[in-house]
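Fold and contact review
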Amino acid sequence: GNKYFNMIVLGLKEQLIYVRAMLFRQFLMVTIMIIFVNLWSVVYQGQTEINGHSYNQVIWYLLITEAFFMSRAPVAYKIADEIKNGTFAYTSSRPYSYALYHFFVSLGDSSFKLLTNFIVGAVLVMLLGIKLNISFLAILCFFLVMLIGYIIDYCLQFMIGTFSFIQEEISGYVFIYEKLLFIFGGIIFPLSILSNHVEQLFFLMPFVYVIGFPAQLLTQGLSELNILYLGLQLLYLMIFIISAKACYTSLRKKTMMNGG
């Protein structure tokens, strides 16, 4: 309803307040993309494609994954802080879903950062003459699978945040999860650039469906294999939604039974 829309606006307003942080993030985005452009130009020196990927496809793929990763809201830390400082007791008793509250606030937060990151990065790579032809259907599918990937990422962060019911410090879990996203999620390089057997092994894991798969779908277009991966992404979506709800419910009951 209207209250959840207002939560998205709340997350958006939080980002508009910190102008210096936004400018620094754009500077960091430009720096990272310049590094990637120069690094992969050396990798592609003397060849036009690597395992069916052109240089332009790889740069735009990395632009999408980096823009997404840098725009992620620290949901796990926010939930952990609320649990540890006691404000969880107030926020969870309000007339709305606690999980949906953090989801929509983080959606407004992340959407603004993602849009600005992508625009700055896209302008940079196009000024460098790196262009990519993308079909309208691929763009529509990209937004769909990116939203699904965002929900998967949110569920994983939500579960890590609820670990604060039984663990005082969750930074180790967040660190491990983010490194799994970097390596097995295809953030620092396209997984499909690897051999077919290695790619299929990585695509059996859930991490690639956060952003690696959406970026691949946009840069490579629709194919029978990508449709199969979409089915796996939807399966992981259902698994993590159910897991996040079950984890939150069980841990919250345990904490209240202990008087916490």
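Our structure is the block above this text.
Residues numbered from 1 in each chain as written. Predicted model: local features only at pLDDT ≥ 70, side-chain atom pairs only at ≥ 80, totals over all residues. Heavy atoms only, no water.

1. Remarks on the packing of aromatic side chains
Taken as a whole and assessed by the stated rule, the structure comprises 25 aromatic pairs. On the numbers, 6.3 Å between centres and 45° between planes, the contact of W40 with Y44 is tilted. Side by side, W40 and Y44 carry an identical accessibility label, which is buried. Relative to Y55, the ring of Y44 lies with its centre 5.9 Å away and its plane at 65°, an arrangement referred to as edge-to-face. With Y44 in the loop between α2 (19-43) and β1 (49-50) and Y55 in helix α3 (residues 55-71), this pair connects stretches of sequence that are eleven residues apart. Look at Y55 and you get buried, because its relative accessible area is 17%. Aromatic ring contacts, followed pair by pair, group F88, Y98, F103, F104, Y150, Y154, F158, F165 and Y248 into a single cluster. (Phe/Tyr/Trp six-rings, centres within 6.5 Å; stacked < 30°, edge-to-face > 60°. Buried < 20%, exposed > 50% of the residue type's maximum accessible area, 1.4 Å probe, protein only. Helix = DSSP H or I, 4+ residues; strand = E, 2+ residues; numbered from the N terminus.)

2. Description of the pattern of salt bridges
Across all of its chains, the model carries three salt bridges by this definition. Across the salt bridge formed by D153 and R72, the nearest N and O atoms sit 3.2 Å from each other. Taken together, the positions of D153 in helix α7 (residues 136-162) and R72 in the loop between α3 and α4 (75-85) put the pair 81 residues apart, joining distant regions of the chain. In this structure D153 comes out as buried when scored by relative accessible area, which is 2%. A relative accessible area of 10% means that R72 is categorised as buried. With a closest N to O distance of 3.0 Å, D109 and K113 form a salt bridge. One end of the pair is D109 and the other is K113, both in helix α6 (residues 98-127) and four residues apart, which spans about a single turn. Comparing D109 with K113 shows no difference in burial state: the two are buried. (Salt bridge = Lys/Arg side-chain N within 4 Å of Asp/Glu carboxyl O.)

3. Let's talk about the side chain of H53
Tracing the backbone shows H53 in strand β2 (residues 53-54). Exposure remark for H53: the relative accessible area of 5% places this residue in the buried category. Polar contacts involving the side chain of H53 include one to the side chain of S192, which spans 2.6 Å. Beyond its immediate sequence surroundings of up to four residues, H53 is in contact with Y44, T48, V58, P190, S192, I193 and Q220. (Polar contact = N/O pair within 3.5 Å; in protein donor to acceptor, adjacent residues only side chain to side chain. Contact = heavy atoms within 4.5 Å.)

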